[in-house]
Amino acid sequence: MLKANQPDGFDCPGCAWGDPEHGSSFEFCENGVKAVAWESTERRATPAFFARHTVSELRGWSDYDLENVGRLTHPMRYDAATDRYVAVDWADAFAEIGAELRKLNSPNEAEFYTSGRASNEAAFLYQLFARSFGTNNFPDCSNMCHEASGVGLIASIGIGKGTVLLEDFHHADAIFVIGQNPATNHPRMLGDLRKASMRGARVAVLNPIRERGLEKFADPQDKIEMLRGGATSIATHYFQPKLGGDMAAIRGVAKIVFARDDLEKAAGRPSLLDEEFIARHTHGIETWRAEVIATPWGHIEDQSGLTYDEIETLADVYLGAERVIATWAMGVTQHKHSVATVREIANLLFLRGHVGREGAGLCPVRGHSNVQGDRTVGINENAPGWFLDNLDKEFGIASPRTPGHNVLHAIHAMVEGRSKAFIGLGGNFARATPDTPVVEAALRACRLTVQIATKPNLGHMAVGEVAYLLPCLGRTEIERNSKGKVQIVTVEDSMSMVHGSGGINKPASPHLKSEVAIIAGMAAEAVGSQVIDWAAMADDNDLIRDRLSRVIPGFEDYNVRVRKPRGFWLRNSATEREWRTPSGRAEFSAAPLPVEVEHQSARKTEGQFVLQTFRSHDQYNTTVYGLDDRYRGVYGERRVVFINPQDIAAMGAEPNARVDVLGSSEDGRARVAEDFRIVAYDIPRGCVAGYYPELNAVVPFNKAGEGSDTPLSKSTLVTFRQRSGA
Amino acid sequence: MSEADAFLARVEAIAESQNLQPLEAALVVSVGEGVARDTMSFGRVFGVGHALALRAAAALEGGLLRATSTSAKSRRMRLELTEAGAALFGGTAQAA
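About the thresholds
Residues numbered from 1 in each chain as written. Chains lettered and ligands numbered in written order. Predicted model: local features only at pLDDT ≥ 70, side-chain atom pairs only at ≥ 80, totals over all residues. Heavy atoms only, no water. Pairing = 2+ DSSP bridges. Helix = DSSP H or I, 4+ residues; strand = E, 2+ residues; numbered from the N terminus. Axes fitted to C-alpha atoms, helices over the stretch in contact; angles between N-to-C directions. Expected span 1.5 Å × (residues − 1). Buried < 20%, exposed > 50% of the residue type's maximum accessible area, 1.4 Å probe, protein only. Core = buried A, V, L, I, M, F, W, Y, C linked by side-chain atoms within 4.5 Å. Contact = heavy atoms within 4.5 Å. Phe/Tyr/Trp six-rings, centres within 6.5 Å; stacked < 30°, edge-to-face > 60°. Lys NZ or Arg CZ within 6 Å of the ring centre and 35° of its normal. Domains from an automatic or database assignment. Buried area = accessible area lost by both parts, 1.4 Å probe. Salt bridge = Lys/Arg side-chain N within 4 Å of Asp/Glu carboxyl O. Polar contact = N/O pair within 3.5 Å; in protein donor to acceptor, adjacent residues only side chain to side chain. Nonpolar A, V, L, I, M, F, W, Y, C, P; charged D, E, K, R; others polar.

Now for the sheet that holds strand 12 (residues 324-328) of chain A. All names here are of chain A. Ordered in space as 10-7-6-12-13, the five strands form an open sheet in which the pairing is parallel. In this open sheet, the two strands that pair with only one neighbour each are strand 10 (237-239) and strand 13 (361-364). The average angle at which neighbouring strand axes cross in this sheet is 15 degrees, direction not considered. With five bridges joining them, strand 6 (residues 174-178) and strand 12 adopt parallel strand pairing. Counterpart to Ile175 in the pairing with strand 12 is Ile325.

Structure follows, in structure tokens:
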């Protein structure tokens, strides 16, 4: 009876991994518990707190300390005279924000940033607000993470999303985990990898860093295992390519597959390739094959950082499997050649028909819980024509057709003074983006900054001339509309499942509004309510979903289907082998390997390394839950840099010495992140690693992935300066 | 009538009389009868997600139930009946 009558589910505000038991996943995952606890804190950032501290003072606090102040309780406006945030009425806030937006010379002077935490309803209303206002400027957190996956997959399979469902992991014989550390970033994925490993599937990991949590995993649900202190091996094969070496590694695998296939056919045996799939469903194999054959082994080994034998083992895993899944994350997507790498992974899977059938497929694993959904519902600076046409028809507006700004475009526009207003729907733009001091200065130069948030963060201290900090309900909190009806929101996970989610806790303050209500309040003042009844939509998420369902195919009967257990699946054309590419087929990419990647160019200069930034275990994106990183043996600190012991010796340094990290200054900007402790670690020579956001200060904003504009957060050239007395 | 049937009958009765969701009523009865006095145990006993037990507790807090403590790590809420809640059990439930 209880199960049959459970109300709407609850979607963990943490990662975007699929959820087999919708409504209960958060307690199964260390990170999920942290995310819920973080939002449910008893601490409060009240007006009294802001009265005690100037914004200039708070700017000197750490990310951890500032967010640890607790939940925002009141809408706040920055008062330049006292350099403090002071409480303000919601109505006054909306009125001034609307007035400031209307005063801009052009709607394109405003940037509408979205965090992946925003629900489908909030994101849909937000894009409607911006487009009815007159701009397509949608810098989005996905621009900094999986943009290369979207771009690459659209070119290869005609849709920018992964092709696997959670159930496919139950049937795969081999799973390639590339440039990804699920132990810290998607812990629930480890459970599925563990099950696969236990039933005999091979799990081949490519990760420059030896991640202990990815090698072995103690399932929190297996109490006996936990009590015994035991753990199951996750990775059956673990390889450590150099940073940016994944494409070369995959190319090497393909080179061996082609060579072995030639031998089989020469011996009169059947092809190792899925020739029927290739002939019927793909285009361009011959060009790619020629490119692969022409790529010398010396180039492949040097660029990948793997030996021929290691790559041959990977090929054995690939050829030994009937069903192969490839997953990847930021280790693949935050390089200059990320789009080409994503496409190389797709190429490899095409060879044996591993797309569009059970137990096989492509799986970019998204970070924040609704980063994929936000894009689906229109957070896209260059949305397809059909979407804009449908939106215009449904709402009676004329959406702009000129492409808008992504994150890097937005930073450039603000730096150059072309954009004068920034609205942040969640997130921490200034700390998530490269070149932190540059971005903070750009925000401070804006006429208007509006930050919608649950807690204060350092980004909120980069205040524009007119600045608001607007507190919203978190996803864990129960939302009721004006009639007392409980509201749910919806999100889309990495497997394109759309779930409903209702809150589970009382709101942190009676003054909080939902993100939807805040967006509607600003929109009503900025563009008026003559054409769009913002207040009505703000009061009923069902109404937003009804209208969204008439704009975006796949959301039919949205309000009914999203209330079913596990929600519903958004159809993915590629899983049915329908290829929405210009050729109507899956497209092999024939991109050459880069002549050199950063680790190869770094070694030309003594003392130069390639840096990757990543999260600690006590961290989710820019949110720092604590100061430990237990899998890597770091406790109570974050200013560390992981370096190969031989490189430490070659530098003439000692482990635990303190150094400053220096980024590229070829554009005349000095990039320095000060005072980091050297930690000797199992990482390839020439490659180093450390945490963001602290190290974002050395990641240049004017270098980006080709075709994706993704910051090069996994391939930044750095040198070290030993600190005096260290 | 089995013990389980009797429990469910009391849940139904309280759900109806107090205008509660079945899960909320089950939580009240569980606390009142000592079956489970915290959200995590309730979830385990009845096979429902902890999140949903927390939601039920949040809905009832200050009405029929009150939280005596909440774990900062797991969010487990330890619960007891308020006076209004205790009245449903003859005012003696907390001693059980």
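Here the narrative resumes, following the displayed structure.
Residue and element names in this part refer to chain A. With 14 residues, helix 18 (residues 338-351) should reach 20 Å at 1.5 Å per residue; the first-to-last C-alpha distance of 20 Å fits that figure. For helix 18, the tally of buried residues reaches 14 of 14 residues, placing the bulk of the element in the interior. Gly353 sits one or two residues past helix 18 and shows a positive phi near 65 degrees.

This part covers the nonpolar core. Residues and elements named next belong to chain A. By size, the foremost hydrophobic cluster in this structure holds 60 residues, and its most contacted members are Leu101, Phe129, Leu470 and Met522. Examining the composition of this core, we find that nine residues originate from one element, helix 6 (residues 120-133), more than from any other. When residues no more than four places from it in sequence are discounted, the contact partners of Met522 are Phe94, Ile97, Phe129, Ile423, Val450, Ile452 and Leu470. With 53 residues, the next largest nonpolar core counts Phe239, Leu273, Ala315 and Trp328 among its residues.

So, on to the packing of aromatic side chains. All names here are of chain A. Overall, the coordinates contain 30 aromatic pairs over all chains when judged by the stated rule. Ring geometry for Phe49 versus Phe50: centroids 5.1 Å apart, planes at 75 degrees, classification edge-to-face. Grouped by ring-pair contacts, the aromatic residues Phe258, Phe277, Trp288, Phe350, Trp579 and Phe588 constitute a single cluster. A cation sits over an aromatic face here: Arg352 above Tyr318, 6.0 Å from the ring centre. Here the basic side chain of Arg615 rests over the ring of Tyr620, its NZ or CZ set 4.2 Å away from the ring centre.

Before going further, it helps to examine the domain arrangement of chain A. By convention, interface size is frequently given as the accessible area that disappears when the constituent parts associate. Residues and elements named next belong to chain A. Along its sequence, chain A is organised into domain 1 (25-145 + 370-564), domain 2 (156-364) and domain 3 (598-722). Put simply, the middle of domain 2 and the middle of domain 3, counted by C-alpha atoms, are 26 Å apart. Of the residues lining the interface, 23 residues belong to domain 2; the matching set on domain 3 comes to 33 residues. Area buried by domain 2 at its contact with domain 3 is led by Leu243, Gln334 and Lys336, which between them contribute 29% of it. Across the domain 2-domain 3 interface, the total number found is three salt bridges. Salt-bridge contacts for Glu211 lead to Arg632; the nearest nitrogen and oxygen are separated by 2.7 Å. The tally of links between domain 2 and domain 3 comes to 11 residue pairs in polar contact (both at pLDDT 80 or more). Where the side of domain 2 that touches domain 3 is concerned, the elements lending two or more residues are helix 8 (182-185), helix 10 (212-215), helix 15 (297-304) and helix 17 (330-333). Taken together, the residues of the side of domain 2 that touches domain 3 sort by class into seven nonpolar, 10 polar and six charged.

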